[in-house]
Amino acid sequence: MIPLPYYLLISAFMFIMGVIGVLTRKNAIIVFMSIELMLNAANLSFVAFSSFLGNIYGQLFVFFVMAVAAAEAAVGLAIIISIFRNKATVNLDEINLLKW
Amino acid sequence: MNSLNFFNNLGYAWPETIITLFLAILVIYNLVYPQARRALGIISLLGIALALGFTIQQMWTQFPTDPSWLSGFTRMLIPDKIGIFFKVIILIATAYVVLFTEFSEELRGTFDRAGEYYALIFGMLLGMMFMISANNFILLYVSLELVSYSSYVLAGFMKTSERSSEASMKYIIYGGVASGIMLFGISLMFGMTGTFYYFDISRLLMMININSVLFLISGIMIFTGIGYKISSVPFHFWTPDVYEGAPTTITAYLSVASKAAGFAALIHLVRNCFVGAVATDGYWVMLSHFYWKELLVYLAILTMTVGNLTALWQDNLKRMLAYSSIAHAGYLLAAMSVLSNQGLIAMVVYFSVYLLMNLGAFFIVILIQNKTGSENIDDYNGLGTRMPFLGACLGIFLVSLTGLPPTAGFIGKLYLFLALVDAKMIILAIIALLNSVISLYYYIRVLRHMYLTKGNNESPITPSFGSVLIALSLAVPVLLFGIYFTPLIEWAKTVVLR
């Protein structure tokens, strides 16, 4: 059996990759993928803790998070389509009408 | 087996049940009669009125003060009086937003989708109600996301407007990151405590001493999700953009209701997880595992200073009100940082007043936007003489937002400062006072443009009867509570002191 710290390290790594992706990428769809990566990092650590503690609630939460993430993907893609219809781009640098 | 009896548990959630029911009614009604728009507004108001009745009735219901395993959906949902207060605030705000929609010209192009608009507002309302009484991280997370997703769509509801879609885009990116961070914080908290229930965490903290850095980090990560909802400073970047781009009715809703839900969630998180006991003088005895006091004090100072200083050079009125709402979040965080019942009373008083004056200011902005098609401050030139009544109302709301007597805003600020001085947090009180003085400049600037600068157009604007009635229903209480505020204070005391 693989010990708990390995799972947590991978989960922390995934989370940091997600944060870096959100901060550096310019394409809206890739930014959304990075956000999903953050959520799934949290899922991994939930499942790891749940198995380690012998507590079923962590796995229960993961189901809620998966449903919520699906909803987020739906809403996010709808918003991307609406912005693409208006501006014909999904590059975040060009979405800059509102500032200061 | 009491906890498994669904109908027993429903007693804890009647208002939420009513809202869910009316959400379904709205969707089905819109399917059957796609053209009937006004009826949707009336159905919404009916649902809100019913839910308000049940919420107020909960005020007199005795709920077990010592939460056992058998209460409220296995303790996930605990309606206490402070939660009921915030629910009342949110329901009133929703009713006003539904009314404002009738007067909004910019939403006219979306009237063929009015059914979705009202259904989404009800979805947001449902999420906020659950967020307020959540006593469990699962419920907190799911309801926070319900609020967020409804508001993302509502912010981008004017599909053909570039600004509206851009606002919605920025909102969902910031929101997604904030909730992802919050979720990771919850997972760390779960790993350390093995539970999602606030009361179990509190019980655990009483028994053992968790003094790890990880605990601190996970607490701050959880605060991120809530801090983004109340637009506290390091997480405030979405606020001005979304407030400017979203339809003004939704801006008003976000600035009052989702902020109220965020503060209620924060109060419950702090009070149920980290407070050991309440001392006889009203101060909370904190379980010494998390630096709530320091965190809240610094965030309050940052939030109000950044909000007020940035508001100084805003020319768009919606953007200015966005920064002003950040500043008000700072004052409320200052009241929270006292960590006592007095601070909570100050928060309750401040929020009751904030509801009236902020909704009022946004309503006048909507009406002016209908006539001039702009929120730019230069287009407000000479409006004071063109529309004397609405101009005077906006004057009252802005003076009240500054916190000057004889308006209700003064009472809110007064109780805030009293709570701060009573807790010997003099420096924070002085900073809050200086911030109020700064805020005077940008609020009064609007009035200067309205009354002292001549506009190009001199033709008078007559407001419709309905809009006068709504403006009066907000302006009169603002003046009344400024002079006769005893009932407000008494009510706040009954709410906080159980």
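Please refer to the structure higher up on the page.
Heads up: these notes are all about the structure in this document. Just so you know, the residues in each chain are numbered from 1, in the order the chain's sequence is written. All chains are assigned letters beginning with A, and all ligands numbers beginning with 1, in the order in which they are written. Totals for whole chains, interfaces and linings use every residue, but because this is a predicted model, local features are given only for residues with pLDDT of at least 70 and side-chain atom pairs only at 80 or more, for both listing and counting. Water and hydrogen atoms were dropped before computing side-chain values, which therefore reflect all heavy atoms in the structure.

1. Things to note about the overall build of chain B
At step 1: For the purposes of this entry, the term helix denotes a DSSP run of H or I that reaches at least four residues, the term strand denotes a run of E that reaches at least two, and both are numbered from the N terminus. Along its length, chain B carries 21 helices and 2 strands.
At step 2: Expressed as lengths along the three principal axes of its C-alpha atoms, the size of chain B is roughly 70 × 60 × 40 Å.
At step 3: For every residue, the accessible area (1.4 Å probe, protein chains only) is compared with the maximum for its type, and the residue is labelled buried under 20%, exposed over 50%, or partly exposed between those bounds. For chain B, the proportion of its 498 residues judged to be buried stands at 65%.
At step 4: Once local pairs closer than 6 in sequence are excluded, the contacts in chain B between residues at least 24 apart make up 81%.
At step 5: Of the roughly 17,300 Å² that chain B leaves accessible, carbon and sulfur atoms contribute 69%.
At step 6: A residue counts as positive if it is Lys or Arg and as negative if it is Asp or Glu; His and the chain ends are not included. All charge positions are set by atom: Lys at NZ, Arg at CZ, Asp at CG, Glu at CD. The positive charge centre, built from 26 side chains, and the negative charge centre, built from 23, are 3 Å apart in chain B. By definition in these notes, contact holds between two residues if any of their heavy atoms fall within 4.5 Å. Reported accessibility uses the Shrake-Rupley method at a 1.4 Å probe radius. Residues are deemed covered only where the shown protein chains occlude them.

2. Side note on the packing of aromatic side chains
Residues and elements named next belong to chain B.
At step 1: Side-chain rings of Phe, Tyr and Trp (the six-membered ring for Trp) are treated as a pair once their centres are within 6.5 Å; stacked means planes under 30 degrees apart, edge-to-face means over 60, and tilted covers the remaining angles. Tallied over the full model, the rule gives 33 aromatic pairs over all chains.
At step 2: Both rings, one in Phe-103 and one in Phe-363, keep their centres 5.7 Å apart while their planes meet at 80°; by these two values the pair is edge-to-face. Residue Phe-103 is found in helix 5 (residues 81-103), and its partner Phe-363 is found in helix 15 (residues 341-372); the two are separated by 260 residues along the sequence. With respect to burial, Phe-103 and Phe-363 carry one shared label: buried.
At step 3: On the basis of an interplanar angle of 45° and a centroid distance of 5.6 Å, the ring pair of Tyr-149 and Tyr-152 is categorised as tilted. Residue Tyr-149 and its partner Tyr-152 are both found in helix 7 (residues 137-155); the two are separated by 3 residues, about one turn of the helix. Tyr-152 carries the same exposure label as Tyr-149, and that label is buried.
At step 4: A ring has a charge above it when a Lys NZ or an Arg CZ is no more than 6 Å from the ring centre and no more than 35 degrees off the ring normal. One cation-aromatic arrangement involves Arg-37 over Phe-111; the distance from NZ or CZ to the ring centre is 3.8 Å.

3. Structural notes on the nonpolar core
At step 1: If you look at the biggest cluster of nonpolar residues, it comprises 220 residues, and the most contacted ones within it are Phe137(B), Leu266(B) and Trp292(B).
At step 2: Of all the elements, helix 15 of chain B adds the most residues to this core, at 22 residues. The criterion is simple. A nonpolar core is a set of buried Ala, Val, Leu, Ile, Met, Phe, Trp, Tyr and Cys residues joined through side-chain atoms within 4.5 Å.

4. Topic: helix 15 of chain B
Residue and element names in this part refer to chain B.
At step 1: For a helix, the expected span equals 1.5 Å multiplied by the number of residues minus one. For helix 15, with 32 residues, the first-to-last C-alpha span of 46 Å sits near the 46 Å given by 1.5 Å per residue.
At step 2: One axis fitted to the seven residues ending at a residue, another fitted to the seven starting there: the angle between these axes is the bend at that residue. Its axis deflected by about 25° at Tyr-354, helix 15 carries its strongest bend there.
At step 3: Where burial is concerned, most of helix 15 is hidden: 28 out of the 32 residues are buried.
At step 4: Where helix 15 begins, one side-chain oxygen reaches toward the backbone nitrogen of Gln-342, 3.3 Å away; that side chain belongs to Ser-340.
At step 5: Count one or two residues on from helix 15 and you reach Gly-373, which has phi positive near 70°. Polar contact criterion, stated in full: a pair of N or O atoms within 3.5 Å, where within protein one must be able to donate a hydrogen and the other to accept it, and residues adjacent in sequence count only if both atoms are side-chain atoms.

5. Some details on a nonpolar patch on the surface
All names here are of chain A.
At step 1: Patches draw on residues past 30% relative accessible area with no salt bridge. Two like charges within 9 Å are joined, as are two nonpolar side chains (Val, Leu, Ile, Met, Phe, Trp, Tyr) within 5 Å. Within this document, salt bridges are pairs made up of a side-chain nitrogen of Lys or Arg and a carboxyl oxygen of Asp or Glu, the two lying within 4 Å of each other. On the surface, a cluster of nonpolar side chains totalling about 450 Å² of accessible area is made up of Phe-13, Ile-16, Met-17, Ile-20 and Leu-37.
At step 2: Broken down by element, the nonpolar patch gets its largest block of residues, 4 residues, from helix 1 (residues 4-24).
At step 3: Mapped onto the fold, Met-17 is located in helix 1.
At step 4: You can call Met-17 partly exposed: its relative accessible area is 38%.

6. A few points about the interface of chain B and chain A
It is common to give the size of an interface as the accessible area that goes away when the parts come together.
At step 1: On the chain A side, the residues contacting the 42 residues of chain B number 42 residues.
At step 2: Surface buried jointly by chain B and chain A totals about 3,700 Å² across both partners, of which 76% is contributed by carbon and sulfur atoms.
At step 3: Seen at the junction of chain B and chain A, the total is 1 salt bridge.
At step 4: One salt bridge connects Lys87(A) with Glu162(B), and the closest N-O pair in it is separated by 3.8 Å. Buried surface area refers to the total accessible area, computed with a probe of radius 1.4 Å, that the two partners give up upon joining, counted for both partners together.

7. Details of the environment of Ala51(B)
All names here are of chain B.
At step 1: Summarising the element assignment, Ala-51 is placed in helix 3 (residues 38-58).
At step 2: You can call Ala-51 buried: its relative accessible area is 0%.
At step 3: Put simply, Ala-51 and Ala-93 are 42 residues apart on the chain and 13 Å apart in space, counted from C-alpha to C-alpha.
At step 4: Residues contacting Ala-51, with those up to four places away along its chain left out, are Pro-15, Ile-18, Ile-19 and Leu-91.

8. Description of the packing of helix 15 of chain B against helix 18 (residues 408-422) of chain B
Residues and elements named next belong to chain B.
At step 1: Each axis is a line fitted through C-alpha atoms, taken for helices only over the stretch in contact, and angles between the N-to-C directions span 0 to 180 degrees. The geometry of helix 15 relative to helix 18 is characterised by a closest axis approach of 9 Å and an angle of 160° between their N-to-C directions. In terms of orientation, helix 15 lies roughly antiparallel with respect to helix 18. Along this stretch, helix 15 crosses helix 18, giving a crossing that reads as left-handed. Only Ala-408, Gly-409, Ile-411, Gly-412, Lys-413, Tyr-415, Leu-416, Ala-419 and Asp-422 of helix 18 make contact with helix 15, whose side of the interface consists of Gln-342, Gly-343, Ala-346, Val-349, Tyr-350, Val-353 and Met-357.
At step 2: Amino acids outside the nonpolar list (Ala, Val, Leu, Ile, Met, Phe, Trp, Tyr, Cys, Pro) and the charged list (Asp, Glu, Lys, Arg) are all regarded as polar, and Gly is one of them. Among the residues forming the contact of helix 15 with helix 18, the class breakdown is 10 nonpolar, 4 polar and 2 charged. An angle counts as roughly parallel when it lies under 35 degrees, as roughly antiparallel when it exceeds 145, as roughly perpendicular when it falls between 65 and 115, and as oblique in every other case. Handedness of a crossing follows from how the near helix is turned relative to the far one, being left-handed for an anticlockwise turn of less than a right angle and right-handed for a clockwise one.

9. Section: the pairing of strand 1 (residues 275-278) of chain B
Residue and element names in this part refer to chain B.
At step 1: Two strands form a pair only when DSSP identifies at least two bridges running between them. In this structure, strand 1 lies alongside strand 2 (residues 284-286), joined through 3 bridges in antiparallel fashion. When the sheet's bridge partners are listed, Val-275 is paired in strand 2 with Met-286.
At step 2: Between the end of strand 1 and the start of strand 2, which pair antiparallel, lie 5 residues, with Gly-282 showing a positive phi angle near 95°.

10. A word on the packing of helix 1 of chain A against helix 2 (residues 28-53) of chain A
Any two packed helices are characterised by how steeply their axes cross, that is the angle between the axes, and by the distance between the axes.
All names here are of chain A.
At step 1: Here helix 1 crosses helix 2 at 165°, and the two axes come no closer than 8 Å. As the angle between them shows, helix 1 and helix 2 are arranged roughly antiparallel. Crossing geometry of helix 1 relative to helix 2 is assigned as left-handed. Here helix 1 contributes Leu-4, Tyr-7, Leu-8, Ile-10, Ser-11, Met-14, Phe-15, Met-17, Gly-18, Val-19, Gly-21 and Val-22 to the contact with helix 2, which in turn contributes Val-31, Ser-34, Ile-35, Leu-37, Met-38, Asn-40, Ala-41, Leu-44, Ser-45, Ala-48, Phe-49 and Phe-52.
At step 2: Of the residues assigned to the contact of helix 1 with helix 2, the class counts are 18 nonpolar, 6 polar and no charged.

11. Remarks on unusual backbone geometry
Peptide bonds are, in most cases, trans, and in most cases residues other than glycine have a negative phi.
At step 1: That bond from Pro405(B) to Pro406(B) is cis: its omega, 5°, falls within 30 degrees of zero.
At step 2: As for its position among the elements, Pro406(B) is in the loop between helix 17 (388-402) and helix 18.
At step 3: The phi torsion at Ala88(A) lies on the positive side, around 55°, for a residue other than glycine.
At step 4: Take Ala88(A): it is sitting in the segment after helix 3 (57-87).
At step 5: Of note in this structure, Lys424(B) is not a glycine but carries a positive phi near 60°.
At step 6: By secondary structure assignment, the location of Lys424(B) is in the loop between helix 18 and helix 19 (426-451).

12. Observations concerning the pattern of salt bridges
All names here are of chain B.
At step 1: Under the counting rule described, the total for this entry stands at 14 salt bridges over all chains.
At step 2: In this structure, the salt-bridge partner of Glu-105 is Arg-108, at a minimum N-O distance of 3.9 Å.
At step 3: Using a relative accessible area of 43% as the deciding quantity, one classes Arg-108 as partly exposed.
At step 4: One continuous salt-bridge network, built from bridges that share partners, spans Arg-163, Glu-166, Lys-170, Asp-241, Glu-244 and Arg-319.

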